[in-house]
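# Topology and contacts: notes
Here is what each chain is made of, one letter per residue.
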Amino acid sequence: MPTLKQKPKQRPFCFSVKGHVKILRLVLTVTSMTFFIIAQAPEPYIVITGFEVTIIFFFIVLYTVRLDRLVNCVFWPLLDVINSMVAAVFMIIISMLALIPETTTYIVLGGVFGLAASVFCIADGALIYRKLLFNPSGPYQKTAVHDRF
């Protein structure tokens, strides 16, 4: 009697390393945006960090509810990598612009948290990119040459 192999249980997104990095990225970006709002910083600082918060929250909900498995017409990991790299560039620019003039303490704190968020943007993109390289479509299974024909 053949035994049935059970599928390995996958870890929920919020308990994975990628989930922790993405949630920490969200927290740092929200903190940066809050400091910018309190300091009444220029509007682009607030708007760009607000857009990033919205997009990060969208990806967290997407991966938590497993919608990336249901909507197959979009390659979600590639979009996530592109978003992480673009977000890192924007957050570095905004943070540097906030740190250069040193206007108020809250703007400087927003810039520091923005730089920390950009580091986690790069880490998030690297984690997802590594998954794309090493596991593009599932586990690799070695087959013999004569099995292909």
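Residues numbered from 1 in each chain as written. Predicted model: local features only at pLDDT ≥ 70, side-chain atom pairs only at ≥ 80, totals over all residues. Heavy atoms only, no water.

An unreviewed UniProt entry lists the chain under the name Chemokine-like factor isoform X1, with Camelus ferus given as the organism. Turning to the chain, the UniProt annotation filed under Subcellular location (unreviewed entry) states: "Membrane". (UniProt positions renumbered as here; feature names shortened; annotations may be inferred.)

Per the stated rule, a full pass over the model turns up six aromatic pairs. Look at Phe 58 and Phe 59: their rings are 5.5 Å apart centre to centre, the planes differ by 65°, and that puts the pair in the edge-to-face class. Of the residues examined, Phe 58 reaches a relative accessible area of 42% and is grouped as partly exposed. Residue Phe 59 is classed as buried on the basis of its relative accessible area, which comes to 6%. Each residue in the set Phe 58, Phe 59, Tyr 63 and Trp 76 is aromatic and connected to the rest through ring pairs, giving one cluster. (Phe/Tyr/Trp six-rings, centres within 6.5 Å; stacked < 30°, edge-to-face > 60°. Buried < 20%, exposed > 50% of the residue type's maximum accessible area, 1.4 Å probe, protein only.)

Glancing now at the packing of helix α1 (residues 17-38) against helix α5 (residues 105-134). Running from N to C, α1 and α5 point in directions that differ by 160°, and their axes come no closer than 8 Å. Our classification of the angle between α1 and α5 gives roughly antiparallel. α5 is crossed by α1, and the crossing has left-handed handedness. (Axes fitted to C-alpha atoms, helices over the stretch in contact; angles between N-to-C directions. Helix = DSSP H or I, 4+ residues; strand = E, 2+ residues; numbered from the N terminus. Parallel < 35°, antiparallel > 145°, perpendicular 65-115°, else oblique. Left-handed = near helix turned anticlockwise from the far one by under 90°.)

Here we take up helix α4 (residues 76-99). Along an α-helix, residues three or four positions apart point the same way, because every turn accommodates 3.6 residues. Taking 1.5 Å of rise per residue, 24 residues should cover 34 Å, and α4 covers 34 Å from first to last C-alpha, within 8% of that figure. For α4, the complete set of buried residues consists of Trp 76, Asp 80, Val 81, Asn 83, Ser 84, Ala 87, Ala 88, Met 91, Ile 94, Ser 95 and Ala 98. Each element contacted by the buried residues of α4 is listed here: α1, α2 (43-64), α3 (67-70) and α5. (Expected span 1.5 Å × (residues − 1). Contact = heavy atoms within 4.5 Å.)

Counting across every chain of the model gives three salt bridges. Salt-bridge contacts for Lys 22 lead to Asp 124; the nearest nitrogen and oxygen are separated by 2.5 Å. Residue Lys 22 is located in helix α1, and its partner Asp 124 is located in helix α5; the two are separated by 102 residues in the primary sequence. No difference in accessibility class separates Lys 22 from Asp 124, as the two residues are buried. Between Asp 124 and Arg 25 there is a salt bridge, with the nearest N and O atoms lying 2.7 Å from each other. One end of the pair, Asp 124, is in helix α5; the other, Arg 25, is in helix α1, with 99 residues separating them in the sequence. (Salt bridge = Lys/Arg side-chain N within 4 Å of Asp/Glu carboxyl O.)

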